[in-house]
Amino acid sequence: MSTGRTRVFETPAGVALCTLDALAAPGARNFVLQIDEAFFHGFLVRTGEQVRGYVDRCPHQGLPLAQKLDGYLTPDGQLIACSWHGALFRLDDGVCVGGPCSGQRLTPWPVTVEHGVVKTA
């Protein structure tokens with residue numbers, strides 16, 4: 001009998017995640033959503049008034065990026081970092097600019113901000 005949880009890599013639209021004010025700028029925050037019997041793992045990245053979402057899965061080996069809760073950004077807040085193998089990704093498009101998966105990209109998680117609330121899109 002498997003004890004692993006089934007993962008999904010998409011979410012339905014319209015799920016309220018948090019207020020924009022709940023995200024530091026720059027900052028990142030982890031989210032785990034249960035969808036039926038499966039679970040979605042993603043994170044939000046905020047820069048100014050822009051919020052982008054990504055599936056929490058490094059293209060290098062498929063691991064979640066952060067070993068520490070919400071620890072997705074480099075210390076200067078300029079890049080997303082995989083804490084396992086050091087891959088670095090741009091905030092705005094998730095393209096890997098250094099490390100073992102250079103040129104690959106994070107999977108986008110569509111989100112939007114409506115009336116100060118971040119929602120899945």
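Data block above holds the structure.
Residues numbered from 1 in each chain as written. Predicted model: local features only at pLDDT ≥ 70, side-chain atom pairs only at ≥ 80, totals over all residues. Heavy atoms only, no water.

Caption draft 1: Geometry of the sheet that holds strand E7 (residues 88-90). Strand order in this open sheet of 3 strands is E6-E7-E8, and the pairing throughout is antiparallel. Strands with a single pairing partner mark the edges of an open sheet, and in this sheet they are strand E6 (79-81) and strand E8 (96-98). Adjacent strand axes in the sheet meet at a mean angle of 40 degrees when their direction is disregarded. In this structure, E7 lies alongside E8, joined through 2 bridges in antiparallel fashion. Across the sheet, Phe89 pairs through a bridge with Cys96, a residue of E8. (Pairing = 2+ DSSP bridges. Helix = DSSP H or I, 4+ residues; strand = E, 2+ residues; numbered from the N terminus. Axes fitted to C-alpha atoms, helices over the stretch in contact; angles between N-to-C directions.)

Caption draft 2: Quick look at the pairing of strand E4 (residues 38-47). Within E4, 9 of the 10 residues are buried, which leaves it mostly tucked inside the rest of the structure. One ladder, built from 2 bridges, connects strand E1 (residues 7-8) with E4; its direction is parallel. Bridge assignment links Val8 to a residue of E4, and that residue is Phe40. Between strand E3 (residues 27-35) and the antiparallel strand that follows it, E4, lie 2 residues; Asp36 among them carries a positive phi value of about 55 degrees. (Buried < 20%, exposed > 50% of the residue type's maximum accessible area, 1.4 Å probe, protein only.)

Caption draft 3: A look at the environment of Arg5. Mapped onto the fold, Arg5 is located in the segment before E1. With 33 residues separating them along the chain, Arg5 and Ala38 place their C-alpha atoms 6.7 Å apart. Residue contacts for Arg5: discarding those within four places in its chain leaves Val32, Phe39 and His41. (Contact = heavy atoms within 4.5 Å.)

Caption draft 4: A look at the pattern of salt bridges. For the structure on display, the rule yields 4 salt bridges. The salt bridge involving Glu49 is made with Arg46; its shortest N-O contact spans 3.2 Å. You can call Glu49 exposed: its relative accessible area is 58%. Classification of Arg46 as buried rests on a relative accessible area of 9%. The shortest N-O distance in the salt bridge between Glu114 and Lys119 comes to 3.5 Å. For Glu114, a relative accessible area of 36% corresponds to the partly exposed category. Sharing partners across several salt bridges, the network here consists of Arg90, Asp92 and Asp93. (Salt bridge = Lys/Arg side-chain N within 4 Å of Asp/Glu carboxyl O.)

Caption draft 5: Focus on the sheet that holds strand E9 (residues 111-114). The sheet built from 3 strands is open, its strands ordered E2-E10-E9 with antiparallel pairing. The sheet terminates laterally at strand E2 (16-19) and E9, the two strands that pair on one side only. Neighbour-to-neighbour, the strand axes of this sheet turn through a mean angle of 25 degrees, independent of strand direction. Two strands pair when backbone bridges link them, and E9 and strand E10 (residues 117-120) are joined in this way by 4 bridges, in the antiparallel orientation.

Caption draft 6: Just the pairing of E10, in detail. Burial along E10 is one-sided: the face carrying Val118 and Thr120 is buried and the face carrying Val117 and Lys119 is not. Where E2 and E10 come together, 3 bridges link them in antiparallel fashion. Among the inter-strand pairings, Ala16 is bridged to a residue of E10, identified as Lys119. Here E9 hands over to E10 after 2 residues, with His115 in that stretch at a positive phi of 55 degrees.

Remember that the coordinates give geometry; whether it matters functionally is a separate question.
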